[in-house]
Amino acid sequence: MAEGLPKKGLSKEEILQRLREYSVDDADPYSGRLFTIAFEPGVEELRDVAFEAIKMFAFKNMLDFTEFPSAIRMEKDIIDVAKSLMHGDEEVVGTFTFGGTESVFLAVKAARDKFLLSKGAITIPEIVMPVTGHPCYDKAAEYMGLRVKRVKVDEKSLTADVDAINEAITDNTAMIVGSTPNWPFGTVDPIKDLAEIALDKNIWLHVDACVGGFVLPFMKRLGAKIPDFDFSIEGVSSISLDPHKYAYAPIGASVVLFRKKFYKMFSQYANIRWPGYPIVNPAVLSSRSEASLAAAWAVLHFLGEEGYMELAKRLMNARGRIMKGLEETGYKIMGDPTVIVAFTSEDLNLFRLSDEMAKKGWLFLPQKGIPNMNIPPSVHLTITPIHDQVADLMISDLKACTEAVKRIPPSEAEGLLDIFGTIFGMLVSGEMDLATLGKIFTELEKTLSVYGDRILKTLGIEKGFPKEMALIYELLATLPPEIAELLANYVVIEVFNRGV
C-alpha cells in the first residue's frame, strides 16, 4: 500500500535530513567529474546569486503577468540578450520556457500552424532533419500529429547531409531542422546551406542552438572556427537556445526566438471563450514559478560578457587537452567537435569503459550508434569550464581504464544479447505500420506481466539502476528501436513505481 501523509508534520531538520538521505546516491553536479548533463562553470558565487534569486521569486506565478509584472521585465531582458547573441533585429521576438524541449514544442507548433493555414487543407505535416537531431522533435511530432523524417548525415563530418535533406522534402514538409551543435557529436550543421533550401522551397527552418547558443558566439570571438548559424542568415525562421546549459543558469531555462512577431502568434495559446479569466499562454505550461526566470536573469547579469568570455576560454582549453589525451590513448575523435566531444574505438567495448570510469567517479554518456548509417558506438563528453581543473586527472584515469577493459574477456551475457537482438531483428524488420506495432505492444504487455520481474532481476534493476550499466546499454543497442523503446518505458515505469 502506498504511504500517505504523516499524521503529524515533520520538523524542518527532519525534512532536510530525509532529503539528504534521498540524495545520498546522487552524483555531485559541482565536482567536475560529470561529462553528461551537468553544465558547471566552477564559480561558487554564481550559485549563491542564483539561489537568492530563486528564493525571492519562487512563489510568484508567471501565469498572471498582470499580477506579477516582474515576469515581463525579466523575460524581456533575457530575450534581448538572446536576440543580441543571435543577431536578431527589431522584428525578432521570443519566449522564455522551462527547457529546450518546450522551446522546440513552440517552434514546431508555430511551423505546423503556419503550414496548415497556408496549405488550406488538413494533412500530416512533416519535419525533415538529420538523424543527429534531438528526439524532442519526435516527441513534439507525437504530441501534435506530425511525422518526422530523419535522414543520414555526412559520414566524415557527422553534420547534416544537405542533399539528403533536400531529397526528403515533399509538399507536406512543414519544417527542416539544423543543430548548432548536435548533441551526440557536438558538430555544427551547415545552416547557410539549409537556409538556401528553406528560402527556395518556402519552408520553416529551425536552428536548434539549445546547446551552443550561449557559448558558440563567445568561442567565435576567441578565434574558434564556428560557421554562422543565426538570424544573420536569411531563411532562418526560429532559434532555440538554453540558458541552463552554457549560460550556466539553474535547470529550467530556455528561450525560443522567432524572426517575425506574427510567427510567435502561431506558438501561443489564447482562450477567451470559457466563463473564467482571459487566458493567454506564451509557453506550453500555464502556471510557472518565476524562480527559474529570475535565476537565469541573475546569472546572465552576474557573469556579463567578460565572464562568459573567460569561461569560454577555460572550456576551450579543457577541450584541447582532453582531445589530445583521447588521441594519445588510441581513440578516434568523431567529426569536428565544439563543446561536446565524442570518441569511438574499433577494438574496445565502450559501454564497459564507461562502467570502469564510473568506478573512479567519472560519468560519461555511452552512445549506441546506428550501424546501418555507419555511425559506430561512441562515448559522449560534455565539456564545461570546470573540466579545465580536472582534465589531466581524467585522462590519466581513462588511460588506466582503457588498459583494464582490454583485459576483460567477453562475457556469456554479451553473446546472448547479440543472439537476442538478431532474433528480434528478424521479427521486426523495416518500418512498422500501426497494426503491427499494436500487436507487438499487446504481446509485449502479456510477456512482461509474466516475465517482467525476471527481466528486471537479470538486468540488476529490480531495486533501481545499478552502478554498472554496460549490459543495459548493450541490450538497448542490440534490440530493434521499437522494442527497445517499449522495454525502456517499462523499466522506467517500474523503477519509479517501486522507488529505490
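Residues numbered from 1 in each chain as written. Predicted model: local features only at pLDDT ≥ 70, side-chain atom pairs only at ≥ 80, totals over all residues. Heavy atoms only, no water.

Participant: Any chance you could explain the overall build of the chain here in plain terms?
Facilitator: Scanning the chain from terminus to terminus reveals 16 helices and 13 strands. A globule of 500 residues ought to have a C-alpha radius of gyration of about 23 Å, and the chain, at 24 Å, matches this closely. Based on the C-alpha atoms only, the size of the chain along its principal axes is roughly 60 × 60 × 60 Å. When burial is assessed residue by residue, the chain has 49% of its 500 residues classed as buried. By sequence separation, contacts in the chain at least 24 residues apart represent 73% of the contacts at least 6 residues apart. Carbon together with sulfur atoms contributes 56% to the accessible area of the chain, which is approximately 25900 Å² in total. Side-chain charges of the chain comprise 54 positive and 69 negative groups, with the mean position of each set lying 2 Å from the other. (Helix = DSSP H or I, 4+ residues; strand = E, 2+ residues; numbered from the N terminus. Rg over C-alpha atoms; globule rule 2.2 N^0.38 Å. Buried < 20%, exposed > 50% of the residue type's maximum accessible area, 1.4 Å probe, protein only. Contact = heavy atoms within 4.5 Å. Areas by Shrake-Rupley, 256 points an atom, 1.4 Å probe, with all protein chains shown as cover. Lys, Arg positive; Asp, Glu negative; His and termini not counted. Charge placed at Lys NZ, Arg CZ, Asp CG, Glu CD.)

Participant: Please explain the pairing of strand 3 (residues 147-151) as it appears in this structure.
Facilitator: Here is the key point about a regular strand: its side chains alternate between the two faces of the sheet. In this sheet, strand 3 lies alongside strand 2 (residues 126-130) in parallel orientation, the contact comprising five bridges. In the strand pairing of strand 3, V128 is matched with K149. For the handedness criterion, the β-α-β arrangement of strand 2, helix 5 (residues 136-144) and strand 3 is classed as right-handed. (Pairing = 2+ DSSP bridges. Right-handed = clockwise from strand over helix to strand, strands pointing away.)

Participant: Teacher, can you tell me more about the packing of aromatic side chains here?
Facilitator: For any pair of aromatic rings, the description consists of the separation of the ring centres together with the inter-plane angle of the planes. One pass over the structure, following the stated rule, counts 15 aromatic pairs. Following the ring pairs from residue to residue traces out a cluster consisting of F39, W183, F218, Y246, Y248 and Y308. Residue placement shows R33 over the ring face of W362; its charged tip is 4.1 Å from the ring centre. Residue placement shows R47 over the ring face of Y30; its charged tip is 3.8 Å from the ring centre. (Phe/Tyr/Trp six-rings, centres within 6.5 Å; stacked < 30°, edge-to-face > 60°. Lys NZ or Arg CZ within 6 Å of the ring centre and 35° of its normal.)

Participant: Please explain the pattern of salt bridges as it appears in this structure.
Facilitator: When their charged atoms lie close together, side chains carrying opposite charge are able to pair. The tally for this structure, following the rule as stated, stands at 24 salt bridges. Residues D228 and K192 are paired through a salt bridge, measuring 3.7 Å at the closest nitrogen-oxygen approach. You can see D228 sitting in the loop between helix 8 (216-221) and strand 6 (238-241) and its partner K192 sitting in helix 7 (residues 191-201), a full 36 residues away along the chain. Put simply, E494 and R498 hold a salt bridge, and the shortest N to O gap is 2.9 Å. (Salt bridge = Lys/Arg side-chain N within 4 Å of Asp/Glu carboxyl O.)

Participant: I'm lost on the nonpolar core in this one. Help?
Facilitator: A general feature of soluble globular proteins is that nonpolar side chains tend to end up buried together. F343, F364, L381 and M394 are the most contacted members of the largest nonpolar core, which totals 96 residues. Considering every element that reaches this core, the biggest residue donor is helix 10 (residues 291-328), with 18 residues. Discounting chain neighbours no more than four positions away, the residues touching F364 are F35, T36, F343, S354, M357, V379, H380, L381, M394 and L398. Membership of the second largest hydrophobic core comes to 24 residues, among which are I127, L146, V177 and V256. (Core = buried A, V, L, I, M, F, W, Y, C linked by side-chain atoms within 4.5 Å.)

Participant: What am I meant to see in the sheet that holds strand 13 (residues 378-382) here?
Facilitator: What links the strands of a sheet is backbone hydrogen bonding, and the strands pair in either a parallel or an antiparallel sense. If you trace the four strands from one edge of the open sheet to the other, you get 10-11-13-12, paired in antiparallel fashion. The open sheet has two edge strands with one neighbour each: strand 10 (332-333) and strand 12 (365-367). Examined bridge by bridge, strand 11 (residues 340-344) and strand 13 share four bridges and lie antiparallel to one another. Of the residues in strand 13, the one forming a bridge with F343 is V379.

Participant: It is not clear to me how a nonpolar patch on the surface should be interpreted in this structure. Could you clarify?
Facilitator: On the surface, L10, I15, L16, L19 and Y22 cluster together to form a nonpolar patch covering roughly 470 Å² of accessible area. Among the secondary structure elements, I15 is positioned in helix 1 (residues 12-22). (Patch = residues over 30% accessible without salt bridge, like charges linked within 9 Å, V, L, I, M, F, W, Y side chains within 5 Å.)

Participant: Can you walk me through the packing of helix 14 (residues 434-458) against helix 16 (residues 481-498) in this structure?
Facilitator: When two helices pack together, their arrangement is given by the angle between their axes and by how far apart the axes lie. Between helix 14 and helix 16, the least distance of the axes is 11 Å, while the angle of their chain directions is 45°. When the axes of helix 14 and helix 16 are compared, the pair comes out oblique. Our pair here, helix 14 against helix 16, has a crossing hand that is right-handed. Between helix 14 and helix 16, the contacting residues are L437, I440, F441, L444, L448, G452, D453, I455 and L456 on the first element and E482, I483, L486, L487, Y490, V491, E494 and R498 on the second. Residues that form the contact of helix 14 with helix 16 fall into these classes: 12 nonpolar, one polar and four charged. (Axes fitted to C-alpha atoms, helices over the stretch in contact; angles between N-to-C directions. Parallel < 35°, antiparallel > 145°, perpendicular 65-115°, else oblique. Left-handed = near helix turned anticlockwise from the far one by under 90°. Nonpolar A, V, L, I, M, F, W, Y, C, P; charged D, E, K, R; others polar.)

Interpretation note: all reported values are geometric properties and have no functional meaning in isolation.
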